[in-house]
Amino acid sequence: MFLAEAGCLFMGFFLCLSGVQGKPNSICALKGSSVNLPCSHQHPTARNSWYTGHWTVSKIMFSADETHVKYSMSAENNFTLTINNLTESDANFYCCIKTADTSKCQQSGIHLQVTELQVKVIPATEGQTVTLMCSSSCPLTEKPAAYIWYKNREFLYEDWSPWYQELLSSEEAVTYSCAVKGYKDLRAPEVSVDSITETCFSVTYAKGRMCSSQQTSVDESCSITYPREIHVQRTPAEHRGHIRLTCNSSCFLTDPLISFVWYQIRKPTVKEGKQIQVPSSHPDSLSCAVKGLEDFRSADVCVSDSCWMLNYVHSRICALEGSSVNISSKYSHPDYEQIQSKCWYKVKREAEQLTEDADHVEYDDSMKNQHILRLKKLKRDDSAEYRFTITTENEEVNQSDFPGVTLIVTELRVKMSPSAVVTEGQRVTLTCSTSCPLTDNTNYIWYLNSRPLTPRENQNKHLILDPVSREDAGSYSCAVKTNKDISSAPKTLTVQSITGTWTPAAAGVSAALLLLILLTVCWWIRKKRTSSQSPRGEISDTVQQMNVDPMYVNISAQSADQDDHHYSRLHFSENHTADVYSTIEPLCAK
């Protein structure tokens, strides 16, 4: 499907505290934003003061003219410390205590992290494409209202998902950026995808932390080439009893900005470099990644003959609301360990163990060393991270700290460009839009007024009407061929002509008016036939009363005995400016 960074999927920065018992509470906030730190003391008084630091703490001093830090000592706001216009130097531990006790600050303090948004470019498994994600170096504390995407500095769209909606190919001179709704000024630095091949892809960053590895300033731009695939190779080492592990990639990397990081049982280690050596009896699994692109990691490998190892078939999955999805894990374990149970957890704010439910949740344990979680009738609330856990006789192999599988559940939506109201002759593009990129080879079906359209050449996700005509007006919806019963909500395209607007409703009104005119003319002809034997003077009087132009009076004399088409012209005003022509089939009874 596609790859991503699990920790930053459900992120935000309307700041509240998060943490676990025995560990410091933490807040992750955007650089340039503001943060409120409530006093965590159970019964704060005026004797409490704010301190900052980790191994040693110092008291925060305030002055009346200080604008960067605002400190309130009123009971109404719980002695809240407010820090405005956050910078990297504000990242630290903060505590509200009565004395400068380092141990108390570490136990009850708040860990403030300051980050910036970054557009991450991640290789997709479908062809020579990549996908984009609006990311941060730490999970922002609370889910934002929406993400905003920009293309060439112009507003593109707004959506709840941090993922860009489509897979991208290389585009020269096209830049992308993102922001969080309500904080448009805190945009991520611009990114452009320069080239994509079967083995590598190159990205140019305008500035930011992705360029900070070998440069003195994060404000400088940089271009980096990344591999599309990465894996660990095992070879004998020079030292007896050791194994050499090499982090191999799909392309030859000579870029000085490229470096590698290593993971042990899916947790980051201090080891860096393309190669490392470990004892051949090493009991844990290892994996590697390119620094700066840690979410794109190799599969776990065992150094010894058997170890605890867990890999997911897909790290990220984009699925349609109402459909079903399989989330698969592959694992191994030491021969001496006996597995007692296997289960899956759904992780949002907290981990929730999933129990089997015939209508929604199923476990498939039929294959050796593989376990599948099947979710049916997906809802948007199913968007979360899913982790697999194994319990043995001796212990529970807890995977709660390891990244799992990120699932995003999306609906289908019809988007119309330039708008839903267009003029006849314009070029109109209809897009079957999702909140995350479906696979590149997804086939779509388009419907007009609930009837399937004949597929047009080279048009699938995008339906192009060029030029658009009045016949194209109507209600459009779309679906995916593999899930025809799941379609988008209909959206109406209105096509305006020089004389007005043409929509299905307008067509109905026109038909009703035409029918009314036909009935009126039919009634008038019947009346003429009935009065055809009256004196000619009466006819003239009748004509004057109906305000019919005298030059057309003689039409009644010929029309009385005709059996085929009748033509009549009515005059409704004195200046002859509103003539109505109607062709009447012989529907009226004689």
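Predicted model only: the values in this text are computed from it and were never measured. (Residues numbered from 1 in each chain as written. Predicted model: local features only at pLDDT ≥ 70, side-chain atom pairs only at ≥ 80, totals over all residues. Heavy atoms only, no water.)

## A short note on the overall build of the protein chain
Logical step 1: When helices and strands are tallied, the protein chain shows 4 helices and 45 strands.
Logical step 2: The buried share of the protein chain, reckoned over its 590 residues, is 45%.
Logical step 3: By sequence separation, contacts in the protein chain at least 24 residues apart represent 61% of the contacts at least 6 residues apart.
Logical step 4: Accessible surface computed for the protein chain: about 30,800 Å², of which carbon and sulfur atoms make up 49%. (Helix = DSSP H or I, 4+ residues; strand = E, 2+ residues; numbered from the N terminus. Buried < 20%, exposed > 50% of the residue type's maximum accessible area, 1.4 Å probe, protein only. Contact = heavy atoms within 4.5 Å. Areas by Shrake-Rupley, 256 points an atom, 1.4 Å probe, with all protein chains shown as cover.)

## Points about the packing of aromatic side chains
Logical step 1: With the rule as written, the count across this model stands at 7 aromatic pairs.
Logical step 2: Arranged with centres 6.0 Å apart and planes meeting at 40°, the rings of tyrosine 157 and tyrosine 164 form a pair that is tilted. Of the two residues, tyrosine 157 and tyrosine 164, neither departs from the other in class, the shared state being buried.
Logical step 3: Judged by centre distance (5.5 Å) and plane angle (35°), the rings of phenylalanine 201 and tyrosine 226 are tilted. Of this pair, phenylalanine 201 sits in strand S15 (residues 200-205) while tyrosine 226 sits in strand S16 (residues 222-227), and the two are 25 residues apart along the sequence.
Logical step 4: A relative accessible area of 0% places phenylalanine 201 in the buried class.
Logical step 5: Ring-pair connections join several aromatic residues into one group, and the members of that group are Trp149, Tyr157, Tyr164 and Tyr176.
Logical step 6: Over the face of the ring belonging to tyrosine 150 we find arginine 187, whose NZ or CZ atom lies 3.5 Å from the ring centre. (Phe/Tyr/Trp six-rings, centres within 6.5 Å; stacked < 30°, edge-to-face > 60°. Lys NZ or Arg CZ within 6 Å of the ring centre and 35° of its normal.)

## Considerations on the sheet that holds strand S17 (residues 230-236)
Logical step 1: Within the open sheet, the 3 strands sit side by side as S17-S18-S21. Their pairing is antiparallel. Of all strands in the sheet, those with a lone pairing partner are S17 and strand S21 (275-279), marking the two edges. Neighbouring strand axes in the sheet, compared pairwise and without regard to direction, differ in orientation by 30° on average.
Logical step 2: Two elements, strand S18 (residues 242-249) and S21, share 5 bridges in a ladder whose sense is antiparallel. Within the sheet, the bridge partner assigned to arginine 244 lies in S21 and is glutamine 277. (Pairing = 2+ DSSP bridges. Axes fitted to C-alpha atoms, helices over the stretch in contact; angles between N-to-C directions.)

## What to know about the confidence of the model for the protein chain
Any region with low pLDDT has predicted coordinates that should not be read closely.
Logical step 1: Chain-level pLDDT for the protein chain is 76 on average; 73% of the residues reach the 70-or-more range.
Logical step 2: Considering each helix and strand of the protein chain separately, the mean pLDDT is smallest for strand S45 (residues 580-584), with a value of 36, and largest for strand S30 (residues 370-375), with 95.
Logical step 3: Segment residues 1-24: pLDDT under 50, and 108 contacts once partners within four positions in sequence are set aside and those in other chains are kept.
Logical step 4: A low-confidence stretch, residues 534-590 (pLDDT under 50), is modelled with 65 contacts involving residues beyond four sequence positions or located in other chains. (pLDDT = per-residue confidence, 0-100.)

## A closer look at the pattern of salt bridges
Logical step 1: Here the structure, examined in full by the defined rule, presents 16 salt bridges.
Logical step 2: Its salt-bridge partner being glutamate 190, residue arginine 153 comes within 2.7 Å of it at the nearest N-O pair. Here arginine 153, found in the loop between strand S11 (147-151) and strand S12 (154-159), pairs with glutamate 190, found in the loop between strand S13 (176-180) and strand S14 (191-196); they are 37 residues apart in sequence, far enough to count as distant.
Logical step 3: For glutamate 385, the salt bridge identified is with arginine 387, shortest N-O distance 2.9 Å.
Logical step 4: Overall, the relative accessible area of 14% leaves arginine 387 in the buried class.
Logical step 5: Members of the salt-bridge network, linked through shared partners, are Lys346, Lys348, Asp381 and Asp382. (Salt bridge = Lys/Arg side-chain N within 4 Å of Asp/Glu carboxyl O.)

## Considering unusual backbone geometry
The bulk of non-glycine residues show a negative phi, and the bulk of peptide bonds are trans.
Logical step 1: For the bond from serine 417 to proline 418, the omega torsion is 15°, close enough to zero to count as cis.
Logical step 2: Secondary-structure assignment places proline 418 in the loop between strand S34 (413-417) and strand S35 (421-423).
Logical step 3: The omega torsion across aspartate 466 and proline 467 is 0°, close enough to zero to call that bond cis.
Logical step 4: Among the structural elements, proline 467 can be located in the loop between strand S39 (462-465) and strand S40 (474-480).
Logical step 5: Even without being glycine, asparagine 152 reaches a positive phi, approximately 50°.
Logical step 6: With respect to the helices and strands, asparagine 152 occurs in the loop between S11 and S12.
Logical step 7: Judged by its relative accessible area of 37%, asparagine 152 falls in the partly exposed class.

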